[in-house]
Amino acid sequence: MASTGLMMQLPLLISSILEHAERHHGQQEIVARRTEGNIQRITYSELAARTRRLANALVSAGIQPGENIATMGWNTVRHVEIYYAVSGIGAVTHTLNPRYSPQQLIYIINHAKDTTLFFDITFAPLVKAIAPHCPTVKRWVMMIDADKMPAESPVEGLINYEHFMSGASSEFVWPQLDENMACTLCYTSGTTGNPQGVLYSHRSTVLHAMGANTADALGLRRTDTILPVVPMFHVNAWGIPYGALMVGAKLVLPGAQLDGPSLYALMEEEKVNIAAGVPTIWLGLLNHVLQNGLKFSSFRRTLVGGSAMPISLIKAYDELGVHVMHGWGMTEMSPLGTVSQTSGPDLELDKAAQYDITAKQGHCLFGVDMKIVAEDGTELPWNGEATGELLVRGHWIISQYYGGDGQKAFSQDTAGRGWFATGDVSRIFPDGTMQITDRRKDVI
Ligand code: AMP
């Protein structure tokens, strides 16, 4: 007779990550370059207290569970506070990508029916342009010190972030939400037509961050200092604002300055040993380092993804003593699906063979499964030759788009298991290594 396991069932909640960080790594720091220009230092316990104040302010403002609260911001401490406070009260952090056109942003905000929008001063002109077309937004909040508010306001009734939370208490008990509730929302234009929303759950986000922290992926530890250059407005900065707090790593945030010289200075000053970002960012940093005859004194590992990492860059970083971890995934996958990096016996191969391994997209993390299929949907062999569309399923893979768009991407196999069609064309080798070879033509 089947019996139920006799273990505790605790919901996997975003607030539980913050509670863990405060209780077990309270002295650890977040260091951030602020939009005001200076460097900010804050401990995890101070962060937790400010986040509870923000949660109280959100509740006092009448924000309800399930409500979409938008952000348009750089990687900063305030943005981290919003991530935890909004999701923590059961509302949804909707990160807007400011690289979308104003028309696309208007479409997204109206589609999501965002009620509040937190933004950095950098985006004031953009906010001014879109605000008249966003009737659902009742509150526009600028994330800046109260004495640095601009003389000319981009919207009527502009609220200052520090004022918004100034009177609120730092005592707050996080509600024990259902772990399947939504916590964050991110739109993507991966497929044709209007951008489509991906609505992550507390459970999927916690499991993704745990998966991303495993040794063959990011392998993050308490003693690491990690710099996510990947923006918090793009797939939750690959989950690093969650994963770093889970292990108690030091988190370094670059703010608005993503150029090579600024990143290099921040990395050296804060002794960053791991950084994450897209290949173009690493090209900018590399050029700065090579042109000025510099060296990295602490930088040892980088997680690169978002597009294929060229062998020339893998080699250049290896020669500077930086180990490349090459990740593949997409917004619909939270985003991490596979990671490629050399370890163990790989390190006995010659350098060219090692770079070849890293340049592929690698192995699935536990929690994600994949298969390649022919045009008619039949599964193709993992022989390193056959190529077909890559389908995925797993704990942090989308089951449908927000608002029911884009049904074509979802299918069921004969066993009744759901799959998501990525639009990427790949081959898979007998050892489980995946390599992207193309993108389906009807997908942009
Ligand atoms: P996004 O949802 O905007 O993050 O874009 C995801 C898409 O970027 C994937 O479907 C791939 O086409 C591409 N992509 C992401 N990472 C890689 C990678 N490591 N190599 C090749 N293509 C990638």
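Here is what the cut-offs are and how they apply
- Residues numbered from 1 in each chain as written.
- Predicted model: local features only at pLDDT ≥ 70, side-chain atom pairs only at ≥ 80, totals over all residues.
- Heavy atoms only, no water.
- Domains from an automatic or database assignment.
- Contact = heavy atoms within 4.5 Å.
- Buried area = accessible area lost by both parts, 1.4 Å probe.
- Salt bridge = Lys/Arg side-chain N within 4 Å of Asp/Glu carboxyl O.
- Polar contact = N/O pair within 3.5 Å; in protein donor to acceptor, adjacent residues only side chain to side chain.
- Helix = DSSP H or I, 4+ residues; strand = E, 2+ residues; numbered from the N terminus.
- Nonpolar A, V, L, I, M, F, W, Y, C, P; charged D, E, K, R; others polar.
- Core = buried A, V, L, I, M, F, W, Y, C linked by side-chain atoms within 4.5 Å.
- Buried < 20%, exposed > 50% of the residue type's maximum accessible area, 1.4 Å probe, protein only.

Draft legend 1. Spatial organisation of the domain arrangement of the protein. Looking at the protein, the domain boundaries give domain 1 (41-177) and domain 2 (198-439). One C-alpha centre belongs to domain 1, the other to domain 2, and the line joining them spans 28 Å. Between domain 1 and domain 2, the residue contacts involve 24 residues of the former and 26 residues of the latter. Approximately 2,100 Å² of surface area, both sides summed, lies buried where domain 1 meets domain 2, with 61% of it carried by carbon and sulfur atoms. Of all residues in domain 1, Y44, N75 and Y83 bury the most surface against domain 2, accounting for 36% of the area lost on that side. Between the two partners, domain 1 and domain 2, sit one salt bridge. In this structure, E270 and R41 form a salt bridge, with 2.5 Å as the shortest nitrogen-oxygen distance. Counting across the interface, domain 1 meets domain 2 through ten residue pairs in polar contact (both at pLDDT 80 or more). In terms of residues, the side of domain 1 that touches domain 2 owes the most to one element, helix α3 (residues 77-88), which gives six residues. Of the residues contributing to the side of domain 1 that touches domain 2, the split by class is 13 nonpolar, nine polar and two charged.

Draft legend 2. Expanded view of the nonpolar core. Of all hydrophobic cores here, the largest spans 86 residues; its most connected members are L47, L58, Y84, F118, L245, L251 and F420. No fewer than three residues from each of domain 1 (41-177) and domain 2 (198-439) sit in this core. Within the second largest apolar cluster, 58 residues are counted, among which are L105, A124, W140 and L258.

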